[in-house]
Amino acid sequence: MNETRSCVDCGILNCRSREKEYPDFCLTTGLSEETIEKVRHLYEEEENNRVSVVSAQIEDEFYREYTRVEEVIEFARRMGYAKIGIATCIGLIEESRILARILRKKGFEVYGAVCKIGSFPKTDFGVSEEYITKTGAFMCNPIMQAEVLNQAGTELNVVMGLCVGHDSLFYKYSEALVTTLVAKDRVLAHNPVGALYQANAYYKKLTAEE
Ligand code: SF4
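Residues numbered from 1 in each chain as written. Predicted model: local features only at pLDDT ≥ 70, side-chain atom pairs only at ≥ 80, totals over all residues.

1. Observations concerning the overall build of the chain
- Counting its regular elements, the chain contains 8 helices and 4 strands.
- Secondary structure elements of the chain occur, N-terminal to C-terminal, as α-α-α-β-α-β-α-β-α-β-α-α.
- With respect to the principal axes defined by its C-alpha atoms, the chain has extents near 55 × 50 × 35 Å.
- Within the chain, the fraction of its 210 residues that count as buried is 18%. (Helix = DSSP H or I, 4+ residues; strand = E, 2+ residues; numbered from the N terminus. Buried ≥ 20, exposed ≤ 12 C-beta atoms within 10 Å, placed from the backbone.)

2. Section: helix α6 (residues 166–173)
- The set of residues buried in α6 consists of His 166, Asp 167 and Phe 170. One face of α6 carries all of its buried residues, which in axial projection span an arc of 100 degrees. Summarising the geometry of α6, the exposed residues directed more than 90 degrees from the buried face are Ser 168 and Lys 172.
- Each element contacted by the buried residues of α6 is listed here: β1 (83–88), α5 (142–152), β3 (156–160) and β4 (177–182). (Arc of directions from axis to C-beta. Contact = placed C-beta atoms within 7 Å.)

3. Some words on the site of the ligand
- The full set of residues close to the ligand is Cys 7, Cys 10, Ile 12, Leu 13, Asn 14, Cys 15, Tyr 22, Pro 23, Cys 26, Leu 27 and Thr 28.
- Grouping the constituent residues of the shell around the ligand by class yields 9 nonpolar, 2 polar and no charged. (Near = placed C-beta within 6 Å. Nonpolar A, V, L, I, M, F, W, Y, C, P; charged D, E, K, R; others polar.)

4. Some details on the pairing of strand β2 (residues 109–114)
- Two strands pair when backbone bridges link them, and β1 and β2 are joined in this way by 6 bridges, in the parallel orientation. By the bridge assignment, Lys 83 is partnered in β2 with Glu 109.
- Tracing the backbone out of β1, into helix α4 (residues 93–105) and back to the parallel element β2 gives a crossover that is right-handed. (Pairing = 2+ DSSP bridges. Right-handed = clockwise from strand over helix to strand, strands pointing away.)

5. Details of the packing of α5 against α6
- It is the contact of α5 with α6, at a shortest axis distance of 8 Å, that shows an interaxial angle of 30 degrees. The angle between the axes of α5 and α6 places the two elements in the roughly parallel class. Considering how the two elements wind past one another, α5 and α6 form a crossing that is right-handed. Facing Pro 142, Ile 143, Gln 145, Ala 146 and Glu 147 of α5, the residues of α6 in contact are His 166, Asp 167, Leu 169, Phe 170 and Tyr 173.
- Of the residues belonging to the contact of α5 with α6, the class tally is 6 nonpolar, 2 polar and 2 charged. (Axes fitted to C-alpha atoms, helices over the stretch in contact; angles between N-to-C directions. Parallel < 35°, antiparallel > 145°, perpendicular 65-115°, else oblique. Left-handed = near helix turned anticlockwise from the far one by under 90°.)

6. Side note on α4
- Taking 1.5 Å of rise per residue, 13 residues should cover 18 Å, and α4 covers 18 Å from first to last C-alpha, within 8% of that figure.
- Looking only at α4, the buried set comprises Ser 96, Leu 99 and Leu 103. Buried residues of α4 fall within an arc of 60 degrees about the axis and therefore sit on the same side. Pointing more than 90 degrees away from the buried face of α4 are the exposed residues Glu 94, Ile 98, Arg 101, Arg 104 and Lys 105.
- Elements that come into contact with the buried residues of α4 comprise β1, β2 and β3.
- Two residues or fewer after α4 comes Gly 107, characterised by a positive phi angle close to 100 degrees. (Expected span 1.5 Å × (residues − 1).)

7. Things to note about unusual backbone geometry
- Look at Arg 18: it is not a glycine, yet its phi comes out positive at around 55 degrees.
- Along the polypeptide, Arg 18 turns up in the segment before α1 (33–44).
- The exposure class of Arg 18 is exposed, given the 8 C-beta atoms found within 10 Å.
- In the Ramachandran plot, Arg 64 falls in the positive-phi region, its phi being about 60 degrees despite a non-glycine side chain.
- Looking at the element boundaries, Arg 64 is found in the loop between α2 (46–61) and α3 (68–79).
- Residue Arg 64 is classed as exposed on the basis of its C-beta count, with 4 C-beta atoms lying within 10 Å.

Worth remembering: the numbers are spatial, not functional.
Below you can see the structure in the form of structure tokens.
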């Protein structure tokens, strides 16, 4: 194999338990003192520290008990957030309405922005006519979603099924921390990992198309 090996090539995963030997290409043993200190220092920053402590508590306390919706609620509650943003795909607006109802019932203020906000024509931004036949003329606008939620002062933003790439722009421009509740997969009921659980068949299909 010519590629540089990394964690995805490791069968030992010793960093989890320290009960075995690290592999010779291990990323943990290869870390420089400088990198370790840099990252340790980042965890001392107040928000980073609080997020890591709270999420570790929730993970351990409700392990295999809480759904992701419950984890989001618990995380927001323990972080002391009052106002939650929802950045939703228009195709998941009904699911987002349910989420908003639940969050409001739990005492949070909710503010949602749908992906088509601003109603910008795709063709204004360089998308040619041939690419608007199935999905319509108005573009997903994740930067506007982030901007509107930033202006509303949301303290945690929840992504509901933004498309690949659109989600990246939303993460890039959101001022509040973001968590993803729904990762869009139109083929697999928004359960993208399903493709990987069919690993052999899926790998064959993808590599055959190359
Ligand atoms: S850090 Fe080392 S032990 Fe952990 S997964 Fe990566 S290569 Fe394996």
